[in-house]
Each structure stands twice: as C-alpha cells, then as structure tokens.
Amino acid sequence: MSNRPNDLSSYWMPYTANRAFKQDPRMIAAADGMFYKSADGRDILDGTAGLWCVNAGHNARRITEAVQKQVAELDYAPSFQFGHPKAFEFANRVADLFPDGMDHVFFTNSGSEAVDSALKIALHYHRMRGDAARTRLIGRERGYHGSGFGGISVGGIVKNRMYYGSLLTGVDHLPHTHDLTLNAFSRGCPEHGAEKADGLIDIATLHDPSTIAAVIVEPMAGSTGVLLPPKGYLKRLRELCDRYGILLIFDEVITAFGRLGANSAADYFGVKPDIITTAKGITNGVVPAGAVIVSNEIYQSAMDNADAPIELFHGFTYSGHPLAAAAGLASLDTYAQDDLFERAAALAPYWEEAIHSLKDAPNVIDIRNLGLVGAIELEPRAGAAAARGTEAMIKAWERGVMIRVTGDIIALSPPLIIEKSQIDQIFGTLSSVLDSIA
Ligand code: PMP
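Only a predicted model underlies this, so the values are computations on that prediction, with no experimental measurement involved.

1. Regarding the sheet that holds strand β9 (residues 275-278)
- Strand order in this open sheet of seven strands is β4-β10-β9-β8-β7-β5-β6, and the pairing throughout is mixed. One side of each edge strand has no neighbouring strand; the edge strands of this open sheet are β4 (104-108) and β6 (171-174). Between one strand and the next, the sheet's axes are offset by a mean angle of 20°, whatever the strand orientation.

Following this line, the structure appears as structure tokens:
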C-alpha cells in the first residue's frame, strides 16, 4: 500500500461524525502546556484538557521523560503470573489518594475496562459471600460508563444502547437528576432533587433488594453534559445502599485527580463508595490506563476465595503496563509537587464568575459549574436542524479555543494549570461565538 498522508478514509473515528469530519478535518499536530498546535500552525487553547484527561497540561516534562526512561529500561512485562515493581508502587500511590479503607487497586487500560471490571468485581463479591442471588445492576438515566457491554447496559444514553441488542439482562436505571425548571443557573450543586435517589426504593421494592448487587453512578455526570448531583443526593444514595446491602460504585473516570479541586469526588462530597472506577487523569492522558479501587472488604472477600488459587478470573494483557505505571507515578508526582488540586480549588470561584458571565448570551438556557468543570446549555433548534453546540465547537476551533459538545451542551474542563487570563480568553471567545450563532 502506498503512503497516502492526505487520505483519511481508512481510519474509522470513534464517536465522531466521520463523513462531516473528513470533509472539514480539525487536525492537531502538537501540544505544549495549555495549547494545542493545529496542523495549519495555529495555537488552540485547550478548554477541555483533551478529553477531560490532561490535568497537568500537555507535554509535562516530568511525565514524558519518565515514559522515555521507562521504555528504554523495561518495555513490557507480562501482567499475569509475573510482576514489575513500578506497578506495585503505582497501586500504592493511587490507593493513597482515595478514601481510607479503599486500599486495593486493579489496573485496566481505560475507563470502559474499569467499569466492566468493577461490575464483575461487584458480582464476584456477593458470590464469594454466598449471596449469589444478588445479580441486578442499577445505573442511571443519562449516565455514561464507557463503551463496553457492561458500561452501555448500566449507562443511560439511548444511542449508545439501541443498536446493540439486548445488552446485559437484569439492569435497571435510576432517574437522572437534571431539572432546568427548578435548578437552572445554579452555582455549584443544585438545591433541588436529592429525593431522586429514592428511585432506588422503587427498584428495590419491585425486585426485592436481595436481588440487587450494585448501583453505579458518576458523582458528577460529565459526558452527558455536566449534570451535577443535587445537594444531599449522593449521601442519600449511600444511605439507601447501606439499608439494602447494595454496593455503591462511583464512576470517577472524570472526577478523580483534581478535576473538582480534590483527590476524588468521594473526597469532595464526603461520601465513601465501595468501589471507584477511574482513568484519564491517572496518567495525565499520556499513556492509556484505568483503575478500579476497591474497599478492603471487597478485596478480602476475593482473597478468601476457597474455590481456586487464582482469586479473580479477570484481567488484561496490559494491566499495570510499565509505561502506564511510569506515566502514572510521574503524573501523581507532578500533581503533588505543583499543588495542582489545590490550584484547581483556588481557581474555582474565578472560573464560576467567568462562566456565569455568559448567562445573557443568545440561546443560553443554563450554565453549570463545579471545580474546574463547566457547562453551557443552549436551546435546541427545532426539528432536525444541526445542533447549535456543533456549530459552536467548530467556530471556537476556528477562533483558537477547543471546547467539547454533547448535542447542545458545551462542556469545559481545562488543564488545572490554566491561568486567569486564559480563563478570560475561553469565555471571551465563547461570548463572540455564541453571538454569531442564530
Ligand atoms: N466512565 C466515565 C464516567 C467517563 O467519563 C468515561 C469517558 N469519558 C468512561 C467511563 C470511559 O472511559 P474510556 O473512554 O477511557 O474507556
């Protein structure tokens, strides 16, 4: 096959309008700090930390150099039956950042794998305790838990589910918490809607709680448009799970590693789940990696497995990959040495003011913010007309700012190294972009 540098046809891009993209591609050639460099040589301010992952900014030297050193020293080691020291060190360091009593870490290569692993671990836990009837899994409407079959089954995005057959059986969904009639333009978590957690009472009443294994939610739903938990909601969900003996899983693929100005959302909200899934910021996006962090009780239930010498029949060729471990350790060092989580917390009030300054821009029906996350929701156009969000994303790119859109919701989550002047640049650009959209 000849070299075809300008031929875009072979690559089938994920979650992308391939036909439209290939007509008018947005190509990225390089990155440094807060900026991407487009293929045509323009600086693009990264308002989204890539895909919510580059928390320490691009090309952070400590991380990229650690990966270069690691690949020269140990490129790969089998993850089954053999170990290498950095994977163990990385697990210890990850566990240190999560709540007390959650001291065990299972490595994956992505958020999707972390979610499917967590669901399996939850089922395994109940079985190990002789409670094998607990097989039901509960997700939430408008939840996103990656693209694996487990994740799309507990997830609540219709288009991610409707093409793929019957999915996992025995799955129910809590109602989502997004309510613009009561909560529009809230700052931080909205006042109304904690009682939506009581959807779990209805599900438990319908099926009997003794059949339910686990509930999985994003503490803050990111990919479906930054849906914040109403005040008291997560605590109420925790109490109900305790009442019924159901495991609570927080999907923290986005919210861990400083995004909210804390180690994790569990930490930020003061609610401790039984299992946490994470990915993205765990390696600053530099090497693909994910993790499942479990309570000591769950880990012990597996270690006590008398069925077999191997305590959990599950894993991946690249679990705890040397490059991921090296990138992860250097990322955690960078976050700590540069106080990036504290920095995010300190910048959050400025961010809040800046994003809410767009409340009178055309077509804006809601603005939301928490930590260094924000969303601007636009009024959908009638009928099948193209989403305003997509138009905003393309115009922002042309004007030098990367934003992310889900339909008509603009989501923002910059690297935690952002300066105030760059926050101003994001919202100044967005203001002109929104003014230009009919
Ligand atoms: N869970 C959540 C909450 C996510 O935000 C994402 C990715 N946006 C995933 C799972 C899937 O992660 P990945 O794309 O790494 O598989």
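From this point, things continue past the structure.
2. Notes on the sheet that holds strand β13 (residues 401-402)
- Spatial ordering of the open sheet is given by β1-β2-β3-β13, a layout of four strands whose pairing is mixed. The open sheet is flanked by β1 (28-32) and β13, the only strands paired with a single partner.
- Bridging between strand β3 (residues 43-46) and β13 involves two bridges; their strand directions are parallel. Bridging across to β13, Asp46 finds its partner in Met402.

3. A look at the pairing of β3
- With three bridges joining them, strand β2 (residues 35-38) and β3 adopt antiparallel strand pairing. Following the sheet pairing, Tyr36 is matched in β3 by Ile44.
- Counted along the chain from β2 to the antiparallel partner β3, the turn is four residues long, and its residue Gly41 has a positive phi close to 85°.

4. Section: the packing of helix α14 (residues 340-356) against helix α16 (residues 420-435)
- α16 packs onto α14 with a crossing angle of 20° between their chain directions and a minimal axis gap of 10 Å. Here α14 lies roughly parallel to α16, going by the angle between them. In this structure, α14 meets α16 at a crossing whose hand is right-handed. Where α14 approaches α16, its residues Tyr350, Trp351, Ala354 and Ile355 are matched on the opposing element by Lys420, Ile423, Asp424 and Phe427.
- In terms of residue class, the contact of α14 with α16 is made up of six nonpolar, no polar and two charged.

5. Side note on helix α5 (residues 111-128)
- Over its 18 residues, α5 runs 25 Å from end to end, which matches the ideal 26 Å to within 8%, given 1.5 Å per residue.
- Of all 18 residues in α5, 14 are buried, a share of seventy percent or more.
- Count one or two residues on from α5 and you reach Gly130, which has phi positive near 80°.

6. Topic: the domain arrangement of the chain
- Here the chain is partitioned into domain 1 (18-56 + 339-435) and domain 2 (65-337).
- Between domain 1 and domain 2, the contact holds 31 residues from the first and 29 residues from the second.
- Elements with a contribution of two residues or more to the side of domain 1 that touches domain 2: α2 (49-52), α14, β11 (364-370), β12 (373-378) and β15 (409-412).
- The element that contributes the greatest number of residues to the side of domain 1 that touches domain 2 is α14, accounting for seven residues.
- Among the residues making up the side of domain 1 that touches domain 2, the classes are represented as 18 nonpolar, eight polar and five charged.

7. Digging into the site of the ligand
- The immediate surroundings of the ligand are formed by 14 residues, with Ser110, Gly111, Ser112, Gly146 and Val253 found nearest.
- Here the shell around the ligand takes three residues from α5, the largest share from any one element.
- Of the residues belonging to the shell around the ligand, the class tally is five nonpolar, seven polar and two charged.

About the cut-offs
Residues numbered from 1 in each chain as written. Predicted model: local features only at pLDDT ≥ 70, side-chain atom pairs only at ≥ 80, totals over all residues. Pairing = 2+ DSSP bridges. Helix = DSSP H or I, 4+ residues; strand = E, 2+ residues; numbered from the N terminus. Axes fitted to C-alpha atoms, helices over the stretch in contact; angles between N-to-C directions. Parallel < 35°, antiparallel > 145°, perpendicular 65-115°, else oblique. Left-handed = near helix turned anticlockwise from the far one by under 90°. Contact = placed C-beta atoms within 7 Å. Nonpolar A, V, L, I, M, F, W, Y, C, P; charged D, E, K, R; others polar. Expected span 1.5 Å × (residues − 1). Buried ≥ 20, exposed ≤ 12 C-beta atoms within 10 Å, placed from the backbone. Domains from an automatic or database assignment. Near = placed C-beta within 6 Å.

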